[in-house]
Every structure is written in C-alpha cells, then in structure tokens.
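# Examining the three-dimensional arrangement
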Amino acid sequence: MELEKNMVVSEFLSKGSVLKQGAEARVYRDVFLGRSTIIKERFPKKYRHPLLDEKLTHRRTVQEVRSIQRCRRAGIPTPVVYFVDYTSHCIFLEDIVDSVTVRDHIAATRQRSHPSPTLVPLEPLAARVGRVLARMHDEDVVHGDLTTSNMLLRRSGDGEAELSLVLIDFGLSYISALPEDKGVDLYVLEKAFLSTHPNTEPLFQKLLESYAASSKKSSAVIKKLDEVRLRGRKRSMVG
Amino acid sequence: MHSSHPLELFPGRTVTLMLFKCVRNPAELRRSAMGGQITAALINPRMLVDPFQVIVAANKAVHLQTIGKMKTRSLNSEIIFNLSPTNNISEAFKRFGISDADDSVLVVLVATGDESQTLADIKEKVDGEQVPMEELPTLSDVTQIRKLYKVTPQEEKMGGLLDSVVCKMATKDVM
C-alpha cells in the first residue's frame, strides 16, 4: 500500500518538467485539474533516519501550507494551494504566470540604466517590498528564507504601476511573534539582497524605512536587526 | 450537456458534472443517493462559485480513497465533505448536500471509462430541467459563500472569491 500510494504522484511527476532542484525539494510545472500548476515535492532524504526524515518532512509541508493560508487571509499575495498530498509530501500550487522574480527585475532595470547607474527607478519597488514584509510580520509569519528570488512581480493590469508583489517559498517559514525572529528574517534578506545586488545599500535602506513606517511593531524589530548585524544570524550559545 | 474533467493524477478517471434547475423531486433524489440507487454526489449549487471548486474536492476524495484515508463512508460523501471549510461532517452535508427544499442540484460523478449509461439513468431520475454548467454562477449565493468560508475582504480583493475558497478547502485539514 505504502508503495502504491506514492506511485500515483511520482508517476504523474515523471511526466512533468523539473524547474528547480534544491537540497530540500524539487519543483515541477505541469497541468493539474486543467490549470498550470507548480508542484513542490519534498523527496526523502536518504542520509536521515527514515522515521526522523518522515517527521521533519511532514512538519515542513504542513508549516508551508499554514503560512501560505495565513498570509492569504491577511491579503498578502501568495500562490493558491490547490491540493496537498501528505503521503508523498507534494504541494500543488498556483503557477504565477506572466511574472518575473524581483531579482531579475532589479538586474534588468540596472542593466538598462547603464552606464549612468541610478537606483531611483527601483525605489518604489523597494518601498513596496518593505510594506509587504511589514504586513507579513504583523501577522507573525516569519518567512525564513527571504531573498529577491523568492519574490515575484506579477502583471495584474497594464503598465509597471500595476505589478503586484507575490511572496513564494514558505518552506522554512514559521509562526512567531518575537522581534528577534523577525529581525533575523530581515537580516537574512539584507545579506542576500546586498550580495545579489552589489552597491544597492541605499535601496535596501529605502526598504527598511518603508518597513519601519508600515509596521505597528517595527521599532522592536529594527532594534533587534541592529543587534543581529553585530553578532550574526545565530545567537551566542555561551551561558 | 454535461462537462467532463480528467483527473491527471488518476489516469482514466474523470469527473462529470450535470446541472439541473427547477427540480421537483429533491427529497426523492436525496433518498436515492443515500440508499445507493444514485451513485453520484448530489450537491447544492448555492454554495459553489465555479465548477473548479467541485473538481478540487473530487480529486482530493479520489486521492484519500486511494490511500484509504477517507473521513466519510463513500467517495460521493467524501466529495461533499471536501467542499466544506470545516471538519464537521454533518455540517458539511447540511451546507453542501441537497435538502428537501432545494430546487436545483449539481450531479457529480467520478467515473472510470464509459459512464454514459449511469448518466442516462441519473437524468431519468431527476424531475427537472438540465441547464449548461455556465449557468452555475446564476445559482450561487455569493454572500453566503463569503460567510461560510470566512473570506476576508482583503483576501477576496487579492485573487477573487474562487481562489480563496479553493485554498481554504485544500488547507482545512492542517488549520
């Protein structure tokens, strides 16, 4: 039975195309129930004890689904969950069609402004990211893996002003009200942002200003961020 | 005038939908479905935004049947249960099943292979007018749907009512 139930989805996935493969999961694109769908499969990790592996994988799948629903309820755009298979640990998600990652968008915009580099055209986007993250943190959702690749811009009407920001990949997310956790969330983004997009410090500053202005609980988080910058992501284990 | 949708995860299986208006024998139909003379799920279309909602519920029902983890006794009752945003079975039947006072019904049939005979048999039993699936939105009660699925205004504004409803259905067992 165990074998047979996993066959259903794996046979389906064998026909789909792999978009991405990470350490934690594989991502496919396929047509499911007549719609273009993204399927995230958390495959078994052979290096872990089978029982522990099953438990961790299950917990992460559940966590991802919960965070997505929590964000959606608050009006923060994330992909719709169509179906979850808790036996093969697959999440079937809405394919955000006609979208680019924030990473590619920033890179393309900077390319265009070459040779007179200016960050001004990107400031509204940075402010938008700050606002969305503030709302997410106000819902006590900590993303856990904020990068500009995990944010999509979707055309919702015509013109650039109509781009809406969609957050994806809640695989490492969790629910927490602690400013510490939210501060680390921003710290991870700062590191990723500045290494993916060199010389954009003013842009990230803009993002933080907008975050601070939008969130009711931002001052404690920004204070924690300053602390985390001094010590790094991990807390000291001494004492 | 029925519409059929393949379940990609279960090759050979399709979901077939038939919509009826001005139904004069709802009580009889409900009894037949419960007694097993009608082998299809009979659904109250007032709580449906779009056929996609039913296909999502049917896919989940077939999946749970395959792995032996259905919460109700049959595939057809499982489809009705999966439509509900809560885990309360009797509540689900009350909201999404047909009641003796209803005058419209959506027939949902999950079939393997040729189902034309079953479809004809069901059509025979329904004393009402079959209408195209496109008429489904004219029968839905959007205000009640919003209330039942607890869709917040900001959520609906983001991606529409159908997205919110489907997402709630798909995630209900871990919320």
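The model shown is predicted, which means the values in this text are computed figures rather than measured ones. Here the residue index of a chain counts from 1 through its sequence in written order. Lettering for chains starts from A, numbering for ligands starts from 1, and both go in the order in which the items are written. Restriction of local features to residues with pLDDT of at least 70 applies here, the model being predicted, together with a cutoff of 80 or more for giving and counting side-chain atom pairs; totals for whole chains, interfaces and linings are based on all residues. By convention in this description, side-chain values take in all heavy atoms of the structure and omit both hydrogens and water.

Okay, the overall build of chain B next. A helix here means a DSSP run of H or I that spans at least four residues, while a strand means a run of E at least two residues long, and both kinds are numbered starting from the N terminus. In terms of helices and strands, chain B carries 9 helices and 5 strands. What you see in chain B, going N to C, is helices and strands ordered as β-β-α-β-α-α-α-β-α-β-α-α-α-α. Here the C-alpha coordinates of chain B stretch approximately 45 × 35 × 30 Å along the principal axes. Going through the 175 residues of chain B one by one, you find that 54% of them count as buried. Here, two residues are considered to be in contact whenever any of their heavy atoms come within 4.5 Å of each other. For chain B, the share of sequence-separated contacts (at least 6 apart) that also reach a separation of at least 24 residues comes to 72%. Total accessible area computed for chain B in this model is approximately 7,700 Å², and 51% of it derives from carbon and sulfur atoms. Only protein chains enter the area calculation, which uses a 1.4 Å probe; residues under 20% of their type maximum are buried, those over 50% are exposed, and those in between are partly exposed. Values of accessible area rely on a 1.4 Å probe in the Shrake-Rupley scheme; residue burial ignores everything except the protein chains shown.

Here the focus is the sheet that holds strand β1 (residues 17-21) of chain A. The pairing criterion for strands is at least two bridges between them, as found by DSSP. Reading across the sheet, the 5 strands line up as β1-β2-β3-β5-β4 (chain A) and stay open at both edges, with antiparallel pairing between neighbours. At either margin of the open sheet sits one strand with a lone partner, and together these are β1 and β4 (81-85) of chain A. If you compare each strand with its neighbour and ignore which way they point, the axes differ by 25° on average. The sheet contact formed by β1(A) and strand β2 (residues 26-32) of chain A spans 4 bridges and is antiparallel. Following the sheet pairing, V18(A) is matched in β2(A) by Y28(A). Angles here are taken between N-to-C directions and fall from 0 to 180 degrees, while the axes themselves are lines fitted to C-alpha atoms, restricted in helices to the stretch in contact. Helix α2 (residues 50-73) of chain A rests against β3 (35-41), β4 and β5 (90-94) of chain A of the sheet, and its axis sits at about 25° to β5(A). Across the sheet, helix α2 (residues 51-66) of chain B is in contact with β2, β3 and β4 of chain A; its angle to β4(A) comes to roughly 5°.

Another point: helix α3 (residues 75-83) of chain B. Residues and elements named next belong to chain B. Most of α3 is tucked away: 9 of the 9 residues are buried. Buried within α3 we find L75, N76, S77, E78, I79, I80, F81, N82 and L83. Its buried side turned inward, α3 meets β2 (13-21), β3 (41-43), α2, α4 (89-96), β4 (105-112) and α9 (161-171).

On to the interface of chain B and chain A. Listed as interface residues are 27 residues of chain B and, on the opposing side, 30 residues of chain A. Summing both partners gives a buried area of about 2,700 Å² for chain B against chain A, and 66% of it is carried by carbon and sulfur. The quantity reported as buried area is the accessible area (1.4 Å probe) lost by two parts once they are put together, taken as the sum for both. Three residues stand out in chain B for area buried against chain A, namely E8(B), L9(B) and M158(B), and they jointly supply 25% of the buried area on that side. When a carboxyl oxygen of Asp or Glu lies within 4 Å of a side-chain nitrogen of Lys or Arg, that pair is called a salt bridge. The tally of links between chain B and chain A comes to 0 salt bridges. Polar contacts, as used here, are pairs of N or O atoms within 3.5 Å; protein pairs need one atom able to donate a hydrogen and one able to accept it. Residues neighboring in sequence count only if both atoms are side-chain atoms. Taken together, the connections running from chain B to chain A amount to 5 residue pairs in polar contact (both at pLDDT 80 or more). For the side of chain B that touches chain A, the secondary-structure elements that each account for two or more residues are α2, α8 (153-159) and α9 of chain B. Considering every element that reaches the side of chain B that touches chain A, the biggest residue donor is α9(B), with 8 residues.

Residue-level confidence of the predictor is what pLDDT reports, using numbers from 0 through 100. Across chain A, the average pLDDT comes to 91, with 93% of residues at 70 or higher. At the level of individual helices and strands, chain A shows its lowest average pLDDT in helix α1 (residues 2-15) of chain A, which scores 71, and its highest in β4(A), which scores 98.

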